[in-house]
Amino acid sequence: MEESNRQKKIASVLQNDLANVLQNMLREAGQTGIIISVSKVTVTTDLSISKVYVSVFPADKADGIVVELNKLKPTIKHQIAQLTKNQLRKMPDLSFYNDDSLEYIEKIDKAVKGEDNPLKNPDLLPKRKKS
């Protein structure tokens, strides 16, 4: 089902505000050398739940940061609610997920260029191993 205009508007407002809040939280925590970007936000039709997909660089720290963000949900939700209080009646619940699409694209690029050939090295495709 396609998203309504209202869902798209709320998702874009949340995406911009979340990016700013997360960057400020990283800066205040003294974390250097880590970049977080909010790649996508989706909102349910009843506007009560939103899924936030974050892309983290370097990728090896992504899982830990997503777990930490999910622990800090109430704090983040409060800060976003303060920023959007004139735009939203009710702040949707946030769920953070790791967006690993960039690593996936990079693996496909390497396979196409011939650097990593999954036919010669079947360990590159763990999902395709025969049991």
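Here the structure is shown first, and the text comes after it.
Fair warning: this is a prediction, and the values are worked out from it, not measured in the lab.

To continue, consider the pattern of salt bridges. Summed over all chains, the structure comprises 2 salt bridges. The closest approach of N and O atoms between E2 and K8, which form a salt bridge, is 3.9 Å. The class for K8 is partly exposed, based on a relative accessible area of 40%. For D93, the salt bridge is made with K77, and the minimal N-O distance between the two is 2.6 Å. Taken together, the residues span a long stretch of sequence, with D93 in strand β3 (residues 93-98) and K77 in helix α3 (residues 73-83) at a distance of 16 residues.

This part is about the sheet that holds β3. The 3 strands are arranged β1-β2-β3 in an open sheet whose pairing can be described as mixed. Since the sheet does not close on itself, it has two edges, and those belong to β1 (35-43) and β3, each with one partner. Taken over all neighbouring pairs, the strand axes of this sheet differ in orientation by 30° on average, direction set aside. Alignment of strand β2 (residues 49-57) against β3, held across 6 bridges, turns out to be parallel. Bridge assignment links I49 to a residue of β3, and that residue is D93.

With that out of the way, let us pick up unusual backbone geometry. A negative phi holds for most residues other than glycine; trans holds for most peptide bonds. With an omega of 0°, the peptide bond running from F57 to P58 counts as cis. Residue position: P58 is located in the loop between β2 and α2 (62-71). Phi is positive for L47, close to 60°, though the residue is something other than glycine. The residue L47 is located in the loop between β1 and β2 in this model. For L47, a relative accessible area of 24% puts it in the partly exposed group.

Calculation notes
Residues numbered from 1 in each chain as written. Predicted model: local features only at pLDDT ≥ 70, side-chain atom pairs only at ≥ 80, totals over all residues. Heavy atoms only, no water. Salt bridge = Lys/Arg side-chain N within 4 Å of Asp/Glu carboxyl O. Buried < 20%, exposed > 50% of the residue type's maximum accessible area, 1.4 Å probe, protein only. Helix = DSSP H or I, 4+ residues; strand = E, 2+ residues; numbered from the N terminus. Pairing = 2+ DSSP bridges. Axes fitted to C-alpha atoms, helices over the stretch in contact; angles between N-to-C directions.

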